[in-house]
Amino acid sequence: MADRVTVIGWDGSPLTAAARAALGAATLVAGAAHHLALPEVPPGADRMRLGSVGLAARRIAAHRGTAVVLADGDPGFFGVVRALRAPEFGLEVEVVPAVSSVAAAFARAGMPWDDAHVVVAHPRTLRRAVNVCRAHTKVAVLTSPDAGPAELGLLMEGVHRTFVICEELGTPGERVSVVTSDKAADHTWRDPNVVIVIGGRSAAGDSGGWIAGRDPSAGPRGWTLPAAEYGRELGEGEREPLRASQLARLGPRLGDLVWDIGCGSGAFATDAARAGAAVIAVDSDQAACARTDSTGRRLGVQLQVVHGTAPHVLENLPEPDVVRVGGGGAAVVSAVADRRPQRIVAHAATRDAAELIGRNLAEHGYQVECALLQSLELDTRAWTEKERSVAFLLSGVLPARGN
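For the structure given in this document, a descriptive report is provided here. (Residues numbered from 1 in each chain as written. Predicted model: local features only at pLDDT ≥ 70, side-chain atom pairs only at ≥ 80, totals over all residues. Heavy atoms only, no water.)

Points about the overall build of the protein chain
Part 1 of the argument: Scanning the protein chain from N- to C-terminus turns up 12 helices and 17 strands.
Part 2 of the argument: The burial tally for the protein chain puts 49% of its 403 residues in the buried class.
Part 3 of the argument: Counted over contacts in the protein chain with a minimum sequence separation of 6, partners at least 24 positions apart contribute 61%.
Part 4 of the argument: Placing the 41 positive and 45 negative side-chain charges of the protein chain at their respective mean positions leaves the two points 2 Å apart. (Helix = DSSP H or I, 4+ residues; strand = E, 2+ residues; numbered from the N terminus. Buried < 20%, exposed > 50% of the residue type's maximum accessible area, 1.4 Å probe, protein only. Contact = heavy atoms within 4.5 Å. Lys, Arg positive; Asp, Glu negative; His and termini not counted. Charge placed at Lys NZ, Arg CZ, Asp CG, Glu CD.)

Take a look at the structure:
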């Protein structure tokens, strides 16, 4: 095992005395090409291009001597430190940090970033990173080859955002560009780069100040909101007991894309967006789309509202993680199941309709549950019946993808 492993962050600034001392004593130096070209790297040290961190960690673990790993920015923030400290390598590391590329990007943009979400985009996580950008007003994206600004822009279709693209921070080739998301694919971008994605409507009182990222205490408390919050009488399929049960079964979360088909007043779409998910709300009624958009604006959540009739309008929508079918019956459920979301919920007014939807889900390979939900709201001034609701709630879970 290496006698000592030091991880040094580099942000283009002159190295600190601690970093220079560690490099001066190194017998093995790992890093990217521009790191290995630094004049402080000892000429007699072995040099290793840092590609696969796992392979590098194995070589470092087997090295007899003093090893230094050079990395851009703060290596403890979405960097190599986590991989090097993995139990299978048994490495104890010292870290000499630099300014993270995210901090540098926001500094170049002259913006605070305590209220920003930070995500990593590579081909495997790109879709989830895009969903965070859809759902939130300020996101920093640490990109990678084949998951850069152009790919982000293409997948943001239908959602307008502004991209601040910071290329090769801290190097002579540094460049900062501002483009709209629909124009990002028109350019060729140099790696490495960080993309700040901003835009959308903010909730009232979004001032930050006590927690990084989105303030979870912003807006009304509760998984679902009562009808009064939506400013109108809600339909049978949107009442709070049913919405709460649907929300619990779908479990929308940060990085998810939710389809709400038959969005009505936008009650469920808003509830899902308040949970941190990206939401596309669909309805064939233009007035329902307008109500949903108005509800999202008033409550400060990001909703993409699509006017059209399911199932045809669904064909060009991005892949969902979870779906609520609020209208359209078995035909729409079948079209949704063809897209293989992890979870689907629907409701029915009669047992026959519920059986038809349940059989449809089962034929598509979903594990199906059905419950009869009955709720009775009482006027507590006189303890008399105020509102009664009865519905069959169906949920399908795709076993192959688990939770």
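Still more to cover.
Things to note about helix α11 (residues 329–338)
Part 1 of the argument: Listed in full, the buried residues belonging to α11 are A330, V332, V333, S334, V336 and A337.
Part 2 of the argument: Taken from the residues just after α11, R340 is the one with a positive phi, measuring 60 degrees.

So, the pattern of salt bridges
Part 1 of the argument: Here the structure, examined in full by the defined rule, presents 17 salt bridges.
Part 2 of the argument: Close ionic contact of R108 with E174 constitutes a salt bridge, the shortest N to O distance being 2.7 Å. Here R108 is found in helix α5 (residues 101–109), whereas its partner E174 is found in the loop between β8 (162–167) and β9 (175–180), with 66 residues between them in sequence.
Part 3 of the argument: Between K386 and E377 there is a salt bridge, with the nearest N and O atoms lying 3.7 Å from each other.
Part 4 of the argument: Salt bridges here are not isolated pairs; linked through shared partners, they connect R351, E355 and R359. (Salt bridge = Lys/Arg side-chain N within 4 Å of Asp/Glu carboxyl O.)

In short, the description is geometric, and any link to function would need to be established separately.
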